[in-house]
Structures are given as C-alpha cells and as structure tokens.
Amino acid sequence: VYTILRYGAKVREDVGENTQTVRLIDWENPQNNHFAIAEEVSIKGENRKRPDIVIYVNGIALGVLELKRSTVSVSEGIRQNLDNQKSMFIMPFFATVQLVMAGNDSNGLYYGTTKTEEKYFLKWKEDNDVYNPNEIILDKHIVQFCAKERLLEIIHDFVIFDFGTKKLCRPNQYFGIKEAQKCIAKKEGGIIWHTQGSGKSLTMVWLAKWILENQS
C-alpha cells in the first residue's frame, strides 16, 4: 500500500491499452491535495472503534491521533492505537495509515507508524525549540508536525522498511537531513554529529535516497 501511495497505481483504461500511472497524492505540490480532519470516526470491524482524530488526504486516511487529558498518560493513547490495530478491532482501517499519533497537553505529541511498539514511539521536538509557558505544548507540536508540507514530506521521504519493520525518522534525523540537503544543493560537504544509538545508519539511508531522487 505504501508503494502505491508513494509511486502511484498502474492502471489500464481498457484491455490492450498501455498502462498509466495514477498519482493518488501530489507530493511535489502539497497544496494541490485535499486535506480533511474528522473527529471520532466510527469504524466497523470485529468490534466497532472510534479514533479521536483521523487525517485524510484526498479521501485517504493517512494519520490517526488519540488525545488524552493532561492528567492521563500519553501511553494510554499509544496503547489504544495499538489495540485498534488488532484483528479483533479495526485492523483493515490501518492499511493506508502512515502516521499513528497520541498526545496530551502536558507531554506533547508522540508518533510512530503502524505496528510501532509502544517503547519505540517518538516525541516530537522542533529544532531549536524554546520553551514558552504560555503555549499549549500539544497544540504547538500538532501545528508543527502536521503542517501540510511536513506531513507529506515525512511520509514521502522519511519512511523506511527495515527488515520488514516500518520505521519513521526521529526529530534529530529529520532536521539533520534537512540541513544536509541545503549543503548538498550548494555543492558543499559537512558533518552530521550523532551520539551512539541515535540512528546514523538510517540517517544515511534516508539522505542517500533523497540524493538519488533529487540530484542529477
């Protein structure tokens, strides 16, 4: 499904005609797509479920967000998402979903993708972010992470299947690669500094993939 979303679907209008590629999403021009948000979507499955927020792009469900009160742990929202993906609930609904999120006002936004285990969910943190006690952290994170351009960019450029396990970038990987892209565009070199276990290998894969697709 991810391959079809990213590269388009091969179709024939009639028998004997050449195949054409139908693009389900305009990745290069985010504003050309139709974005919609739905609250408490009731989904039929083995047992009916109602995710708090579903993000649709061109009618395709790409993101799910579970919201919790500030006094309730974000972990409950993450576990709720994981339960919903089980066959006894609404597993087929997640076939097109790329971003699985949970958050509250005290902890902000956590994100993963389908089948991401709870311990691997990532907390969003904007590069060079400055704490402001007057801001609602969850609202700020959602505005940053779910901006139309960034939402599509993360799905298009920062998803990888690592031995069958679907993974997303960490914030440090995302911003490191974005800075590297600027240097590459100017034909300059540079260094991305990592600590041990911060994802050097995946950073290299995502950056190399971007270079192959965008640099002649």
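Report follows, based on the coordinates.

The rules behind the values
- Residues numbered from 1 in each chain as written.
- Predicted model: local features only at pLDDT ≥ 70, side-chain atom pairs only at ≥ 80, totals over all residues.
- Heavy atoms only, no water.
- Pairing = 2+ DSSP bridges.
- Helix = DSSP H or I, 4+ residues; strand = E, 2+ residues; numbered from the N terminus.
- Contact = heavy atoms within 4.5 Å.
- Axes fitted to C-alpha atoms, helices over the stretch in contact; angles between N-to-C directions.
- Buried < 20%, exposed > 50% of the residue type's maximum accessible area, 1.4 Å probe, protein only.
- Lys, Arg positive; Asp, Glu negative; His and termini not counted.
- Salt bridge = Lys/Arg side-chain N within 4 Å of Asp/Glu carboxyl O.
- Polar contact = N/O pair within 3.5 Å; in protein donor to acceptor, adjacent residues only side chain to side chain.
- Phe/Tyr/Trp six-rings, centres within 6.5 Å; stacked < 30°, edge-to-face > 60°.
- Lys NZ or Arg CZ within 6 Å of the ring centre and 35° of its normal.
- Patch = residues over 30% accessible without salt bridge, like charges linked within 9 Å, V, L, I, M, F, W, Y side chains within 5 Å.
- Areas by Shrake-Rupley, 256 points an atom, 1.4 Å probe, with all protein chains shown as cover.
- Disulfide = S-S within 2.5 Å.

Looking now at the sheet that holds strand β5 (residues 60-67). Pairing within the open sheet is mixed, and its 6 strands lie in the order β3-β4-β5-β6-β7-β8. Looking along the sheet, the strands with just one partner apiece sit at the ends: β3 (35-39) and β8 (122-123). Judged from the 5 bridges that link them, β5 and strand β6 (residues 99-104) form a sheet pairing that is parallel. Across the sheet, the residue bridging to Val-64 is Val-100, located in β6. Sheet strands in contact with helix α2 (residues 74-84) are β5, β6 and β7 (108-112), and its direction is about 150° off that of β6.

Within the secondary structure, Lys-166 is located in strand β10 (residues 165-168). Asp-157 is the oppositely charged side chain nearest to the buried, salt-bridge-free Lys-166, at an N-O distance of 14 Å. Of the polar contacts made by the side chain of Lys-166, one reaches the side chain of Gln-98; its length is 2.6 Å. Beyond its immediate sequence surroundings of up to four residues, Lys-166 is in contact with Val-97, Gln-98, Thr-113, Thr-114, Thr-116, Val-159, Ile-160 and Phe-161.

Another point: the packing of aromatic side chains. Taken as a whole and judged by the stated rule, the model has 10 aromatic pairs. Aromatic side chains Tyr-174 and Phe-175 sit 5.0 Å apart centroid to centroid with 85° between the ring planes, which places their arrangement in the edge-to-face category. Looking at Tyr-174, the relative accessible area reads 3%, which means it is buried. One aromatic cluster in this structure is built from Tyr-111, Trp-124, Phe-145, Phe-158, Tyr-174, Phe-175 and Trp-206. Directly above the ring of Phe-89 sits Lys-49, whose terminal nitrogen or CZ lies 4.5 Å from the centroid.

On the surface, a cluster of nonpolar side chains totalling about 260 Å² of accessible area is made up of Ile-4, Val-11, Val-22 and Leu-24. Structurally, Val-22 can be placed in strand β2 (residues 20-22). Val-22 sits in the partly exposed class, given a relative accessible area of 37%.

Counted according to the given criterion, the structure contains 0 disulfides. Left unpaired, Cys-146 is separated from the closest cysteine sulfur, that of Cys-169, by 13 Å. On the basis of relative accessibility, which here comes to 1%, the residue Cys-169 falls in the buried class.

Purely geometric numbers; function is a separate question.
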